Amino acid sequence: MTFAMGTPLLDGCVLAILDQEDTYGYALTQRVKGVLDISESTLYPVLRRLQKEGCLTVYDQPYQGRNRRYYAITHAGKRRLAEARREWRMFRDSVESLLLKEETSDD
């Protein structure tokens, strides 16, 4: 079963990965794809939007004669991530209270 993934969840996942280490686009996409069903083209607009909103910074680093664009989380991104984690816990707990509640029967 596949569940719909909204923008806040995707943003939270991206920020959580970048909170661990700076990462370049392809590696970031592969990490997200390992958990969520997204296409590679989905992530780059998310990265641009998060950068525009001040949650990410970018820098280039040489790699095998080419430049790789790395993404790093900012203080604003860390605040957004903390909020996403709070909201996720509330959402998860609410869904679990419905899905994992044992059925009681008067039969």
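All values reported here derive from a predicted model rather than from experimental measurement. (Residues numbered from 1 in each chain as written. Predicted model: local features only at pLDDT ≥ 70, side-chain atom pairs only at ≥ 80, totals over all residues. Heavy atoms only, no water.)

Bringing the pattern of salt bridges into the picture now. Scanning the model with the defined rule gives ten salt bridges in all. The closest approach of N and O atoms between Arg80 and Glu53, which form a salt bridge, is 2.7 Å. You can see Arg80 sitting in helix H4 (residues 75-99) and its partner Glu53 sitting in the loop between helix H3 (40-52) and strand S2 (56-63), a full 27 residues away along the chain. For Arg80, a relative accessible area of 30% translates into the label partly exposed. Overall, the relative accessible area of 39% leaves Glu53 in the partly exposed class. Connected via shared salt-bridge partners are Asp11, Arg49, Glu53 and Arg80. (Salt bridge = Lys/Arg side-chain N within 4 Å of Asp/Glu carboxyl O. Helix = DSSP H or I, 4+ residues; strand = E, 2+ residues; numbered from the N terminus. Buried < 20%, exposed > 50% of the residue type's maximum accessible area, 1.4 Å probe, protein only.)

Leu10 and Val14 are the most contacted members of the largest nonpolar core, which has 18 residues in total. Of all the elements in the fold, those that place two or more residues in this core are helix H1 (7-20), helix H2 (25-33), H3 and strand S3 (66-73). For this core, the element with the most residues is H1, which contributes five residues. (Core = buried A, V, L, I, M, F, W, Y, C linked by side-chain atoms within 4.5 Å.)

By themselves, these are just geometric observations and shouldn't be taken as functional.
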